[in-house]
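Below, each chain spelled out in residue letters.
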Amino acid sequence: MPCPSSCPPGLLALMAPGLALMATFSLPSQAGDRRALPVEKPPGVKGRTLILLDVNTKSPVRIISENFLSLQLDPSIIHDGWLDFLSSRRLVTLARGLAPAFLRFAGKRTDFLQFHNVKNPAKSRGGPGPDYYLKNYEDARSLDKLYNFADCSGLHLIFALNALRRNPNNSWNSSNALSLLKYSASKKYNISWELGNEPNNYRTLIGRSVNGSQLGKDYIQLRSLLQLIRTYSRANLYGPNIGRPRKNVIALLEGFMKVAGSTVDAVTWQHYYIDGRVAKVTDFLKTRLLDTLSDQTRKIQKVVNTYTPGKRIWLEGVGMTSAGGMNNLSDSYAAGFLWLNTLGLLASQGIDVVVRHSFLDHGHNHLVDQNFNPLPDYWLSLLYKRLIGPKVLAIHVAGLQRKPRPGRVIRDKLRIYAHCTSYHNHNYVRGSITLYIINLHRSRKKIKLAGTLRDKIVHQYLLQPYGKDGLHSRSVQLNGQPLAMVDDATLPELKPRPLRPGRTLVIPPLTMSFYVVKNVNALACRYR
């Protein structure tokens, strides 16, 4: 099946992602106030400089997947009819901008979809039409459109199969999945696989639960099916895609890992920060909220490393808010603080891939709206892909850094991450370093680059809300210029603002920014 005309042959991958470590800058006193720790000012540094920043350039502390920032499409997008809209030139252009990445096709509807190998299901069944039919069925034509979209966009498709087709003994009924696998193999589709979505919620959905041990057996059964089909004998399998690690969910994960921990290629889970029905813009500025993910991640890592040490872990399905999000909030500039911090925090903790829910039109957590217009988090993700490489670097902050106290939440409002600049970005030679900074303060902050970063040329990419809506804005500007697609086949040029060597970085209040430090010749960043 041909790609849209905007998909030139061979242009499938652009950038590689990566991340960095968080540095902390203030220490609460016993009285609860927050005073910056005193810093001895070297000669030539003005008294108003807040932070001295250096980066360890000798070796990376983490190396993250090049597909670190990946995407999810929710099956709910098919409720308006066929998936023909995935052939849109504009949509392919937007998706290709975020390649290389995984494209996970999964969501709450996953466990209610059934596959039928027919091209016109409504006609063959005498049903009322595609919209009605696709509420419960995935047909061959829709699968073709989905795969073609991923292939043209340079994305690798991960397809989640229905896990709620059950036999009387509660084991998985794989007959429908086998039909889908055989059809995909006949088309030679390169797909990775999953089984189900948030199995901890099955009792709520259908009044019937599946425990971790049984789910593990189901995954072993699926692995056996894949091995019987030559095309998928070595296909990757991911799971179990559990929800937030509460006590019952941890028990489910432990049961799964005992039985099938060695069967999956990565262990997957989901996280949503806020109940979208009650979220406020100030919620996105709360450092306590930003740090909740760290504790959740450690709980997952503890279980996984108990049964399969070193197994890769993915956060597969992350959204700023649950319940579909909130209009003009979870799709606004303000949501970017959580999104960018999620990327930085998880890279520093060794999570291999982060899958954003959702790429397109699912509630208000998406990157692209129903009219195929990119939202603020899309532009943030595009900058990330263009500038971030997979090697994570350690940050040093002179006189200000401290170790987190056990059991305490770090409430720092200035968050800095560092990594090697993307090798795919030919505007920068190998050995360059990229910083990205989140300023949640309501005042500007100043950073003086020191050590290996001193007196280097810096390129600034400052992302701010555009228009009168402020943090609620659904449009953004880069270095003062509004971002918008040039046409359906062309993304805008992301132009940096060069800063003279030695200049102090001035970080405006409530903003996100990237800084490429050129020609550092960092040993950690010279080679792939």
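Source: prediction; values computed, not measured. (Residues numbered from 1 in each chain as written. Predicted model: local features only at pLDDT ≥ 70, side-chain atom pairs only at ≥ 80, totals over all residues. Heavy atoms only, no water.)

Topic: the state of the cysteines
The full count for this structure, using the stated rule, is 1 disulfide. Covalent S-S linkage joins C420 and C525, the inter-sulfur distance amounting to 2.0 Å. Here the disulfide of C420 and C525 is left-handed, its torsion about the S-S bond being about -80°. Of this pair, C420 sits in strand β17 (residues 414-421) while C525 is found in the segment after β25 (511-517), placing the two residues 105 residues apart along the sequence. For C525, a relative accessible area of 1% corresponds to the buried category. (Disulfide = S-S within 2.5 Å. Helix = DSSP H or I, 4+ residues; strand = E, 2+ residues; numbered from the N terminus. Buried < 20%, exposed > 50% of the residue type's maximum accessible area, 1.4 Å probe, protein only.)

Considerations on the packing of aromatic side chains
For the structure on display, the rule yields 16 aromatic pairs. When the centroid spacing of 6.4 Å and the interplanar angle of 40° are considered together, the rings of F149 and F359 count as tilted. With a gap of 210 residues between them, F149 in helix α4 (residues 140-153) and F359 in the loop between β14 (353-357) and α11 (376-387) connect regions that are remote in the sequence. A residue is classified by how much of its surface remains accessible, and F149, at 1% relative accessible area, is buried. Judged by centre distance (5.1 Å) and plane angle (85°), the rings of Y219 and F256 are edge-to-face. Placement of Y219 in helix α7 (residues 212-228) and of F256 in helix α8 (residues 247-260) is noted, with a sequence separation of 37 residues between them. An aromatic cluster is defined as three or more aromatic residues linked by ring pairs; in this entry it consists of F105, F159, W193 and Y232. The ring centre of W339 lies 4.9 Å from the NZ or CZ of R356, which sits over that ring. Here R430 stacks its cationic end above the ring of Y423, 4.8 Å away from the centre of that ring. (Phe/Tyr/Trp six-rings, centres within 6.5 Å; stacked < 30°, edge-to-face > 60°. Lys NZ or Arg CZ within 6 Å of the ring centre and 35° of its normal.)

Focus: the sheet that holds strand β24 (residues 505-507)
The strand order β16-β3-β19-β24 describes an open sheet built from 4 strands, whose pairing is mixed. Both outer strands of the open sheet, β16 (395-397) and β24, are each paired with one neighbouring strand and no more. Between one strand axis and the next, the sheet turns by 30° as a mean value, whatever way the strands run. Note that strand β19 (residues 445-449) and β24 share 3 bridges and pair antiparallel. Its bridge partner lying in β24, K445 is registered against I507. (Pairing = 2+ DSSP bridges. Axes fitted to C-alpha atoms, helices over the stretch in contact; angles between N-to-C directions.)

Focus: a nonpolar patch on the surface
Taken together, the side chains of F112, L205 and I206 define a hydrophobic patch exposed on the protein surface, amounting to about 230 Å² of accessible area. Secondary-structure assignment places F112 in the loop between β6 (101-105) and β7 (114-116). (Patch = residues over 30% accessible without salt bridge, like charges linked within 9 Å, V, L, I, M, F, W, Y side chains within 5 Å. Areas by Shrake-Rupley, 256 points an atom, 1.4 Å probe, with all protein chains shown as cover. Salt bridge = Lys/Arg side-chain N within 4 Å of Asp/Glu carboxyl O.)

Overview of the pattern of salt bridges
Considering all chains together, one arrives at 15 salt bridges under this definition. E66 is the salt-bridge partner of R528, the closest N and O atoms lying 3.0 Å from each other. Note that R528 is positioned in the segment after β25 and E66 in the loop between β4 (62-63) and β5 (69-73), a separation of 462 residues in sequence. Through salt bridges with shared partners, a single ionic network connects R104, E194 and E316.

Examining the pairing of strand β18 (residues 433-439)
Taking burial as the measure, the 7 residues of β18 include 7 buried ones, the bulk of the element. Along β18, one buried face is formed by I433, L435, I437 and N439 and the opposite face, lined by T434, Y436 and I438, is buried too. By the bridge criterion, 7 bridges tie β18 to β25 in an arrangement that is antiparallel. Residue pairing for β25: I438 is matched across the bridge by M512.

Things to note about the side chain of D331
With respect to the secondary-structure elements, D331 resides in the loop between β13 (313-322) and α10 (336-348). Within the structure, the side chain of D331 is placed 2.5 Å from the side chain of R474, a separation counted as a polar contact. (Polar contact = N/O pair within 3.5 Å; in protein donor to acceptor, adjacent residues only side chain to side chain.)

Comments concerning unusual backbone geometry
Of the consecutive residues A99 and P100, the connecting peptide bond is found in the cis state with omega at 0°. Mapping P100 onto the fold places it in the loop between α1 (89-96) and β6. A positive phi angle is found at N479, which is not glycine, with a value near 50°. The residue N479 is located in the loop between β21 (476-478) and β22 (481-482) in this model.

So, the nonpolar core
If you look at the biggest cluster of nonpolar residues, it comprises 124 residues, and the most contacted ones within it are L73, W193, Y232, F359, Y378 and F514. Tallying contributions element by element places α10 first for this core, with 8 residues. Among residues more than four places away in sequence, those in contact with Y232 are L181, S184, A185, Y189, I191, W193, L226 and Q227. Among the nonpolar cores identified, the runner-up in size contains 26 residues, and L449, L453, L505 and C525 belong to it. (Core = buried A, V, L, I, M, F, W, Y, C linked by side-chain atoms within 4.5 Å. Contact = heavy atoms within 4.5 Å.)

So, empty space enclosed by the protein
Remark: the empty space left among the atoms is shown by a probe the size of a water molecule rolled over them. Taken as a whole and assessed by the stated rule, the structure comprises 3 cavities of 30 Å³ or more. What lines the largest cavity is a set of 13 residues, among which L113, F159, L161, N162 and L180 lie closest to the centre. Elements with a contribution of two residues or more to the lining of the largest cavity: β7, β9 (155-161) and α5 (175-186). A breakdown of the residues in the lining of the largest cavity according to their chemical character gives 7 nonpolar, 4 polar and 2 charged. (1 Å grid on protein atoms, 1.4 Å probe; cavity = no way out; pocket = protein on both sides within 12 Å on 5 of 7 lines; lining within 4 Å. Points joined across faces, edges and corners; volume = space filled by probe spheres on them. Nonpolar A, V, L, I, M, F, W, Y, C, P; charged D, E, K, R; others polar.)

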